[in-house]
Amino acid sequence: MATKKKTTAKKTTTRAPAARKKTVSGKTPAKKKAPVAKKASAAKAPAKAPAKKKKAKLPVAPPQKAGPAENPAAKALAHRIGNLLLDKKAQDVVILDVRGMTSYADYFVIASAETDRQVSAMAENVQVQLKTGDAPLRPIGTEGFETGQWVLLDYGEVVAHLFLTDLRAHYDLEGLWADASREKLA
């Protein structure tokens, strides 16, 4: 069988060179570019009328809450601890209201003393006095009895921090909780 090959011939056009005009100087002038026509869009969109500006609505602030609920039992315990510390000559006894700022306590009681023995004596007095009485309380946890420089007594809703004076200034818990309302006991 014989196969035939199809040949496709390309059509080529030859253009005759354009007659070039010579100028007086003997040079041929540069070709002028033909003006380019702008493309016309198939369908021109009608011009839109300017949009009316809507007034921006300002966000409405949610109603402010009165804050965390008052806990009279925790407040009474904080005052009792503060007074027990004053019985042992504690200095600068401050109660910080940290309700809503921390999840583990409602009040901090912060006090300081000049010696580590006095700090330990203050902590022991609080523990002994709260164990005895109408409703005995035991701390959930205690820290620092060994050194007596910073003793922590955790009674759940109330945490007592008892410091040596220098360490209290160094750690500055009142500065860390500067947003908390405070009450100084005399």
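Nothing here was measured: the structure is a model prediction, and the numbers come from that model.

Please explain the packing of aromatic side chains as it appears in this structure.
The way to describe two aromatic rings as a pair is by their centre distance and the angle between their planes. Evaluated as defined, the whole model comprises four aromatic pairs. When the ring of Phe108 is compared with that of Trp177, the centres are 5.4 Å apart and the planes differ by 80°; the resulting orientation is edge-to-face. Placement of the pair is Phe108 in strand S2 (residues 107-113) and Trp177 in the loop between helix H4 (173-176) and strand S6 (181-185), with a sequence separation of 69 residues. Of the two residues, Phe108 and Trp177, neither departs from the other in class, the shared state being buried.

Can you walk me through the sheet that holds strand S4 (residues 150-154) in this structure?
Two modes of strand pairing occur in sheets, parallel and antiparallel, and in both the strands are linked by backbone hydrogen bonds. Read from one edge to the other, the open sheet built from six strands follows the order S3-S4-S5-S2-S1-S6, with strand pairing classed as mixed. Lying at the two open borders of the sheet, with one neighbouring strand each, are strand S3 (141-143) and S6. Averaged over all adjacent pairs, the angle separating strand axes in this sheet is 15°, with direction ignored. In this sheet, strand S5 (residues 158-164) lies alongside S4 in antiparallel orientation, the contact comprising five bridges. The residue of S5 that forms the bridge with Leu153 is Ala160. Of the strands in this sheet, strand S1 (91-97), S2, S5 and S6 are in contact with helix H1 (residues 72-87), which crosses S2 at around 5°. Each of S2, S3, S4 and S5 touches helix H2 (residues 116-131); the most contacted strand, S5, lies at about 160° to it.

Mind showing me how you'd approach the environment of Thr147 here?
With respect to the helices and strands, the residue Thr147 is situated in the loop between S3 and S4. By relative accessible area, Thr147 is classed as partly exposed at 46%. The spatial distance from the C-alpha of Thr147 to the C-alpha of Val119 is 9.5 Å, given a sequence separation of 28 residues.

Teacher, can you tell me more about the packing of H1 against H2 here?
The N-to-C vectors of H1 and H2 enclose an angle of 130°; their axes lie 9 Å apart at closest approach. In this view, H1 runs oblique relative to H2, as classed from their interaxial angle. In terms of crossing hand, the pair formed by H1 and H2 is right-handed. Contacts between H1 and H2 involve Leu77, Arg80, Ile81, Leu84, Leu85 and Asp87 from the first element and Met122, Asn125, Val126, Gln129 and Leu130 from the second. Considering only residue class, the contact of H1 with H2 consists of seven nonpolar, two polar and two charged.

Help me out: how do you make sense of the nonpolar core in this one?
For soluble globular proteins, the rule of thumb is that nonpolar side chains tend to be buried together. Within the largest apolar cluster, 38 residues are counted, with the highest numbers of intra-cluster contacts made by Ile81, Leu85, Val109 and Leu162. For this core, the elements supplying multiple residues, two or more each, are H1, S1, S2, H2, S4 and S5. Not counting residues within four places of it along the chain, the set of residues in contact with Leu162 comprises Leu85, Ala111, Val119, Met122, Ala123, Gln149, Trp150, Val151 and Leu153.

Rules used in this analysis
Residues numbered from 1 in each chain as written. Predicted model: local features only at pLDDT ≥ 70, side-chain atom pairs only at ≥ 80, totals over all residues. Heavy atoms only, no water. Phe/Tyr/Trp six-rings, centres within 6.5 Å; stacked < 30°, edge-to-face > 60°. Helix = DSSP H or I, 4+ residues; strand = E, 2+ residues; numbered from the N terminus. Buried < 20%, exposed > 50% of the residue type's maximum accessible area, 1.4 Å probe, protein only. Pairing = 2+ DSSP bridges. Axes fitted to C-alpha atoms, helices over the stretch in contact; angles between N-to-C directions. Contact = heavy atoms within 4.5 Å. Parallel < 35°, antiparallel > 145°, perpendicular 65-115°, else oblique. Left-handed = near helix turned anticlockwise from the far one by under 90°. Nonpolar A, V, L, I, M, F, W, Y, C, P; charged D, E, K, R; others polar. Core = buried A, V, L, I, M, F, W, Y, C linked by side-chain atoms within 4.5 Å.

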